[in-house]
Amino acid sequence: MVLKDYVAKTMLKEYLNTFFETYEIPNMFRAQYQMEYDNGLYDTRVVDSQIAQFYKEYDLLKEESDMYKAFVNVIKHNHPNLSDITILDVCGGYIPQLGRELAKEAKHVMVVDRNMVFKNNPNNLEPIQRTIESYTDLPSADLVVGLLPCEATQHIIDYSVMNKKDFVIALCGCWHNLNLDEHIREKMRPMHKSGDTTVTRYEQYAITRLEEAPELGDLIAYDSPYQFPQDVIGNKRR
Ligand SMILES: C[S@@+](CC[C@H](N)C(=O)[O-])C[C@H]1O[C@@H](n2cnc3c(N)ncnc32)[C@H](O)[C@@H]1O
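Rules of the game
- Residues numbered from 1 in each chain as written.
- Predicted model: local features only at pLDDT ≥ 70, side-chain atom pairs only at ≥ 80, totals over all residues.
- Helix = DSSP H or I, 4+ residues; strand = E, 2+ residues; numbered from the N terminus.
- Rg over C-alpha atoms; globule rule 2.2 N^0.38 Å.
- Buried ≥ 20, exposed ≤ 12 C-beta atoms within 10 Å, placed from the backbone.
- Contact = placed C-beta atoms within 7 Å.
- Core = buried A, V, L, I, M, F, W, Y, C linked by C-beta atoms within 7 Å.
- Domains from an automatic or database assignment.
- Near = placed C-beta within 6 Å.
- Nonpolar A, V, L, I, M, F, W, Y, C, P; charged D, E, K, R; others polar.
- Axes fitted to C-alpha atoms, helices over the stretch in contact; angles between N-to-C directions.
- Parallel < 35°, antiparallel > 145°, perpendicular 65-115°, else oblique.
- Left-handed = near helix turned anticlockwise from the far one by under 90°.

A separate point is the overall build of the chain. Scanning the chain from terminus to terminus reveals eight helices and seven strands. Against the compact-globule benchmark of 18 Å for 238 residues, the chain has a radius of gyration of 18 Å, which places it among compact chains. Each of the three principal axes of the chain carries a C-alpha extent, and together these read 55 × 40 × 30 Å. Looking at the chain as a whole, 37% of its 238 residues are labelled buried. Put simply, 50% of the contacts in the chain that link residues at least 6 apart link residues at least 24 apart.

The next point concerns the nonpolar core. Residues Phe-71, Ile-87, Val-90 and Val-144 are the most contacted members of the largest nonpolar core, which totals 55 residues. The dominant element in this core, judged by the number of residues it contributes, is helix H4 (residues 67-78), at seven residues. Both domains that furnish three or more residues to this core are identified here as domain 1 (9-65) and domain 2 (67-236). Apart from the residues within four sequence positions on either side, Phe-71 is in contact with Leu-98, Leu-147 and Ala-170.

Lining the immediate environment of the ligand, one finds 21 residues, of which Ser-49, Cys-91, Gly-93, Arg-114 and Ile-132 sit closest. Elements with a minimum of two residues in the shell around the ligand: helix H3 (49-57) and helix H5 (97-103). With three residues, the top contributor of residues to the shell around the ligand is H3. Of the residues that make up the shell around the ligand, three or more belong to each of domain 1 (9-65) and domain 2 (67-236).

As a further point, take the domain arrangement of the chain. Examined at the domain level, the chain breaks down into domain 1 (9-65) and domain 2 (67-236). Put simply, the middle of domain 1 and the middle of domain 2, counted by C-alpha atoms, are 25 Å apart. When residues of the side of domain 1 that touches domain 2 are assigned to their parent elements, the largest contribution, six residues, is made by H3. Per-class residue counts for the side of domain 1 that touches domain 2 are five nonpolar, three polar and two charged.

What follows covers helix H6 (residues 153-163). For H6, the tally of buried residues reaches nine of eleven residues, placing the bulk of the element in the interior. Burial in H6 covers these residues: Thr-153, Gln-154, His-155, Ile-156, Ile-157, Asp-158, Tyr-159, Ser-160 and Val-161. Looking at the buried side of H6, the elements it contacts are strand S1 (86-90), strand S4 (143-147), strand S5 (166-170), helix H8 (201-210) and strand S7 (232-236). Just past H6, the residue Lys-164 takes up positive phi, approximately 60°.

Right, let's get into the packing of H6 against H8. Running from N to C, H6 and H8 cross one another at 15°; their axes reach a closest spacing of 10 Å. Accordingly, the angle class assigned to the pair H6 and H8 is roughly parallel. Classified by chirality, the crossing of H8 by H6 is right-handed. When H6 is examined against H8, the residues Thr-153, Gln-154, Ile-157 and Val-161 are found in contact with a partner set consisting of Tyr-202, Tyr-205, Ala-206, Arg-209 and Leu-210. The class makeup of the residues in the contact of H6 with H8 is six nonpolar, two polar and one charged.

Written as structure tokens, this is what we have:
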């Protein structure tokens, strides 16, 4: 059960109605929320991020099921002083719950997503509604993060390497075609052939691209307190 013990189904219905009244939820999301409620899926161990954004809105998640807090803690392993830096959260979601959590500690947080609400965000959170097709679509920040950022995963890695900025990504495990230059493809080929199935293609890609920016150090995988579908990865400066 991911929700706090006092949360009853009737209570959830009221929160859902308030949620729909507060935000202009796109129809496709509305249907997803409704189905989740009707099927009682809130009883499951791991929730979809769209649904987690709703639960987080009303502080309904159990401490150990709050992937936003968990991801902030992972980020802080290597970046303990968030108050000094500007953070860019890529694919931050319709309701930018990670961005809001980061904004409690960071100087300034920018959240980019193609579906985005502008309401009820703290003053130091800048929502940017944009479709990301390349790393050049991303604004400048000290640290770039992504929680299950789907197809933008490659753009975050590219952004980090090209701008020499640190990154932390909770990989989503979605399969998106990597847009690979031939020389990158050639460098990745030996890793691919090694048959090490514990390393995902995004990890292989990040390891390969980090060779171009030695100041960013090596790729590391973080221990995660939440059940993310894949590794949480980032660079660690030497
Ligand atoms: C799995 S959700 C994760 C959302 C959020 N990080 C969370 O965990 O609550 C992926 C998000 O990426 C956004 N997204 C996917 N591809 C995108 C792209 N190319 N440009 C902008 N946003 C994108 C979607 O709108 C969606 O909100």
